[in-house]
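Residue strings, one per chain:
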Amino acid sequence: MCTVTPLLNMLLKLSSLIFSSSTAPPTVRIIHSGHSCNIEEERYTERVYTIREGETLELACLVSGHPRPQIRWTKTAGSASDRFQDSSVFNETLRITRIQRHQGGRYYCKAENGLGSPAIKSIRVDVYYLDDPIVTVHQSIGEAKEQFYYERTVFLRCMANSNPPVRYSWRRGQEFLSQGSDKGVEIYEPFFTQGETKILKLKNLRPQDYANYSCIASVRNVCGIPEKNVLFKLSNKTASPTIKLLVEDPIVVNPGQSVTLVCVTSGGEPTPTLTWVRNTDELSKKSLLNGGTLTLPAISMEEAGVYSCVASNNVGNPAKKSTAIVVRGLKKGRFWITPDPYHNDDNIQIGREVKISCQVEATPPEELLFSWLKNGRPLRSSERMVITHTDPDVQPGTTNLDIIDLKFTDFGTYTCVAALKNGGIPEVSIDVNISSTTVPPELTVPRGKSPMVVQEGDTVDLQCLVSGKPKPIILWSRADKEAPMPDGSLQMESYDGVLRIVNVSREMTGTYRCATSQYNGFNVKPREALVELTVQYPPVVEPVFTEIRQGLGRAFTLNCRVLRAHPSKVLKYEWKLGTRLLTMGQFDHRDETDYHVRALNREGYGEYTCEVTNEAGVGTCRFLVTGRAYAPEFYYDTYSALWQNRPRVYGFKLQWTQQNPLSVDRIVAYRLGMKQQEIPMEGAIAKGELITHNLTELIKPEAYLVRLTPITRFGEGDSTDRIIRYSEFQCSFEDEVVCMFTQDKTDDFDWTRHSAATRDTKYTPNTGPSSDRAGSKQGFYMYIETSRPRLEGEKARLLTPTFNVAPKSPYGTVTAAPTYCFGFYYHMYGKHIGALNAYLRQKGHSGSDSSLWNLVGNQGDRWKQAKVNIHPIASFQLVLEGIRGPGIEGDIAIDDVTIEEGECKDPPPNSKCFFFCFYLGIHNNYGPIHHPEPINHEEARLITYTFISFLLGTKI
């Protein structure tokens, strides 16, 4: 057997350091695992994830980097109604069940771990949907000026909400209609609608135009959305709707009565549908609707309004008729007394005029009737007792009683009575007493009621004493600032002068104004008084709780800061360790206090508290001082399973870094929970050092829970868990994460993940695979796209994840190189195929990749397998390099990459190397030539041509 693989580099002396620096900024990619119907890689723009409305959106954010990055999902506004961008999802997977159209938009995954800039990737989610189409019909009748005939033209308009834009088609009966297929039919899209509708114009209606018309709306079956259609029957009876209301307008009823509104259609084909609306809003929940009949049982004043019946049959404009329902009632009875307006005096005096006013809101206002009583007896208008009424259509109904030249005999109780014509509604009566004791109000604040000092959370009564007769309504408001009252309004009413505030808060501190209202009192200048309210609250301090980790013998300072407090003048503090008092004092001009520990001893571990007190209570800062080590952080960014060349046993390369190792005493060991053993540590651990421990004698294919706990002289620290699993490496590129393969950043272009079902062959029809290696057009593979702007000789390199090798010696080095079988399938079809190369890259061999396998030229339109044995002596990666040939028909694809323990079994024969056994080490433009499979006569001619071209110095 002949091989053209160059000799492996001389084995280098390798020291597998147990400690190595290993911090890395975050990287991120987004993959999907929900019900997507397409993922598009729009070149130079963005990634688009297409999903059908109602399916489940599931996006996973895959990150690398150390320490493990924190992940956050956010979203831009997909529409005005979507407020997802105001919140965030703090985990790797974003899941939205039954996604709706307004939830489309751009989603961002942000990963950060404090190293460098955060990594951000985004994907645009496009939600596809198709609503049922609707056909509306309009007609025009135009009269020609010279010839006396009418032309009747009918427009059938089809509309459907959709994404992507809908494609419309029309059918008359079983006949599909298209522009030009019938001279009497015109099909067009109005310019201003931007494809939202398609109009079918039937010019000068003919008998054959009376038929069944179907509008078919389609989005071309994207995301499996089927087309939808609607049928409309056009006949010589087709007409827009007309309706009748079988009710009076307006309808005047008393509260509690049942009201029935009846609406019937008087015309329209197809038969119109009837709906009711109230003031353009929805009907009340207790409404009963049966076709065109609307029943309102036990109607209330709140249900009054304009009710409209709307009839629609999609022909012409909807028909609409309305009626008003008026619910009779009386409310809000108030009175006020106005002293003689011609004298500057607020008191009622004998010989002067006094006016009593009474106001009531009535529905309907024109039915309002007023009457007056004096001491229970009817009172009529006279020269000295003048009764007037305001126009109820101009303002709320008001009646006035003017008493001219007041006499002692006029003293008494006057009653204003409001009623509605025809009764049915209880009357409203308001009593007003006019006597020598009827005097204007005065407001005072009781002694000791201002300022009021209370503590937060209490119930407080602010009080103003009202003197005078009658006592008016008192209005409370904030006097110091434009701020709402406790109930949220700007003004609160009180009938006894007391404002009660329950659960008072610190924001309610300030000045409150009490003022007399003109209602139920004198119509004079308002009397006012002010009440000061001071709300005390305990000190608000920070930190409320913090944990401090320190090693023995070290100095540190605890700081407690007061953010706010009332009162803030006299603040005291006490520092304690447990229950033991350490120090105490009083704040001066500072708003913080410190406690210093010069050298921490074992007795110094525990909970420290700083209690800051004022008259209202205590605010406490808490500090937990401990020597516990922080948790280790496992390193996930390498492929960590170890092969041991034993059939039932495997190993695992466990890697981690230590969080803040210098903040506590030196870590002397780690306890490995799965085997109850300790891993000793020699020397101090530096921040970011990568620590490695090889787990051995693990049984295939069992998974293990590993718990790692750091140990210091203080004791055990925080633990970290992870699950390890055995796996032989096999990758068919079906997941978007592509098995942790990465693109080489130093090459000329990238490999692309694709499937035959989505690959565009418009410009390169004679190259690339028609399916994945398993024969599925939906399956994925990796390939190099050699169309423009790619140039001949440009390279694309794809790197496997890093694989670890189990050391055999106690010093961490491999004494004998293990054997693994590296296999993959390739597809090299096209007249411009360049080359495909495979290399071995080992840790510690910087810039020196070892060539494993090479192939040049067209290999036919089929998948073939390659296998090669590798013997790494350190952690390694495999490199697959595709090189662009002289033209665009040179796409190279790979699939089903495997790495297995042991020698390759049944490797493909290498008889193609009969021309090249003597050609070892000689290279053309694309690398060493190597043919690993049997050849036919046509391929032999190609090889002969290739070899002769080389001898002549010509490019292949």
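The following paragraphs examine the structure supplied in this document. All values derive from a computational prediction rather than experimental measurement.

1. Notes on the nonpolar core
Stage number 1. If you look at the biggest cluster of nonpolar residues, it comprises 35 residues, and the most contacted ones within it are Phe822, Phe824, Leu836, Leu852, Trp853 and Ile894.
Stage number 2. No other element matches the 5 residues that strand E66 (residues 820-828) contributes to this core.
Stage number 3. With near-sequence residues (within four places) excluded, Phe824 lies in contact with Leu836, Trp853, Lys864, Gln865, Ala866, Leu880, Ile894, Asp895, Asp896 and Val897.

2. Digging into the pairing of strand E42 (residues 510-516)
Stage number 1. Among the 7 residues in E42, 6 count as buried, and that is most of the element.
Stage number 2. Sheet topology places strand E39 (residues 474-478) next to E42; 5 bridges connect them, and they run antiparallel. Residue pairing in the sheet places Leu475 in a bridge with Ala515 of E42.
Stage number 3. Sheet analysis places E42 next to strand E44 (residues 528-542), joined by 6 bridges and oriented antiparallel. Directly across from Thr511, in E44, lies its bridge partner Glu532.

3. Some words on the packing of aromatic side chains
Stage number 1. The final tally for this structure, using the stated rule, is 19 aromatic pairs.
Stage number 2. Grouped by ring-pair contacts, the aromatic residues Phe729, Phe733, Phe741, Phe803, Tyr820 and Phe876 constitute a single cluster.
Stage number 3. When the ring centre of Tyr129 is taken as origin, the NZ or CZ atom of Arg101, which lies over that ring, is 3.7 Å away.
Stage number 4. Its guanidinium or amino end placed over the ring of Phe634, Arg722 lies 5.7 Å from that ring's centre, counting from NZ or CZ.

4. A closer look at the side chain of Lys374
Stage number 1. Position of Lys374 among the secondary structure elements: in strand E29 (residues 368-374).
Stage number 2. Despite its burial, Lys374 pairs with no opposite charge; the closest candidate is Asp410, at 4.3 Å N-O.
Stage number 3. Here Thr409 takes part through its backbone oxygen, which lies 2.8 Å from a polar atom of the side chain of Lys374.
Stage number 4. Sequence-distant contacts of Lys374, defined by excluding residues within four places in its chain, comprise Leu379, Thr409, Asp410, Phe411, Thr413 and Tyr414.

5. Describing the side chain of Gln658
Stage number 1. By the element assignment, Gln658 lies in strand E54 (residues 649-658).
Stage number 2. In this structure Gln658 comes out as buried when scored by relative accessible area, which is 4%.
Stage number 3. Within the structure, Gln658 has its side chain in polar contact with the backbone oxygen of Tyr630 (distance 2.6 Å).
Stage number 4. Excluding residues within four positions of it along the chain, Gln658 makes contact with Tyr630, Ala631, Pro632, Ile667, Tyr670, Ile685, Glu689 and Pro710.

6. Things to note about the environment of Val354
Stage number 1. Relative to the elements of secondary structure, Val354 occurs in strand E28 (residues 354-363).
Stage number 2. Judged by relative accessible area, Val354 falls into the buried class, the value being 1%.
Stage number 3. Distance from Val354 to Asp405, taken between C-alpha atoms, is 8.3 Å for residues 51 residues apart in sequence.
Stage number 4. Ignoring any residue separated from it by four or fewer positions in sequence, one finds Val354 in contact with Ile337, Thr338, Ile348, Leu401, Asp402, Ile403 and Leu406.

Rules used throughout
- Counting starts from 1 at the beginning of each chain's written sequence and moves along it residue by residue.
- Predicted model: local features are reported for residues with pLDDT of at least 70 only, side-chain atom pairs are reported and counted for 80 or more only, and whole-chain, interface and lining totals are derived from all residues.
- Calculation of side-chain values draws on the structure's entire complement of heavy atoms; hydrogens and water are dropped beforehand.
- Side-chain atoms within 4.5 Å are what join buried Ala, Val, Leu, Ile, Met, Phe, Trp, Tyr and Cys residues into a set we call a nonpolar core.
- To sort residues, take the accessible area from a 1.4 Å probe on protein chains only and compare it with the maximum for the residue type: under 20% means buried, over 50% means exposed, and anything in between is partly exposed.
- Secondary structure elements follow DSSP: runs of H or I no shorter than four residues count as helices, runs of E no shorter than two count as strands, and numbering proceeds from the N terminus.
- Contact criterion: two residues are considered in contact whenever any of their non-hydrogen atoms come within 4.5 Å of each other.
- Each pair of strands is called paired provided DSSP finds at least two bridges between the two strands.
- Pairing of aromatic side chains here covers Phe, Tyr and the six-membered ring of Trp, requires ring centres within 6.5 Å, and sorts the geometry by plane angle: under 30 degrees stacked, over 60 edge-to-face, intermediate tilted.
- The criterion for a charge sitting over a ring is simple: Lys NZ or Arg CZ within 6 Å of the ring centre, and within 35 degrees of the ring normal.
- Residues scored as positive are Lys and Arg, those scored as negative are Asp and Glu, and His as well as the terminal groups of each chain are ignored.
- By convention in these notes, a salt bridge is any Lys or Arg side-chain nitrogen within 4 Å of a carboxyl oxygen on Asp or Glu.
- Polar contacts, as used here, are pairs of N or O atoms within 3.5 Å; protein pairs need one atom able to donate a hydrogen and one able to accept it. Residues neighboring in sequence count only if both atoms are side-chain atoms.

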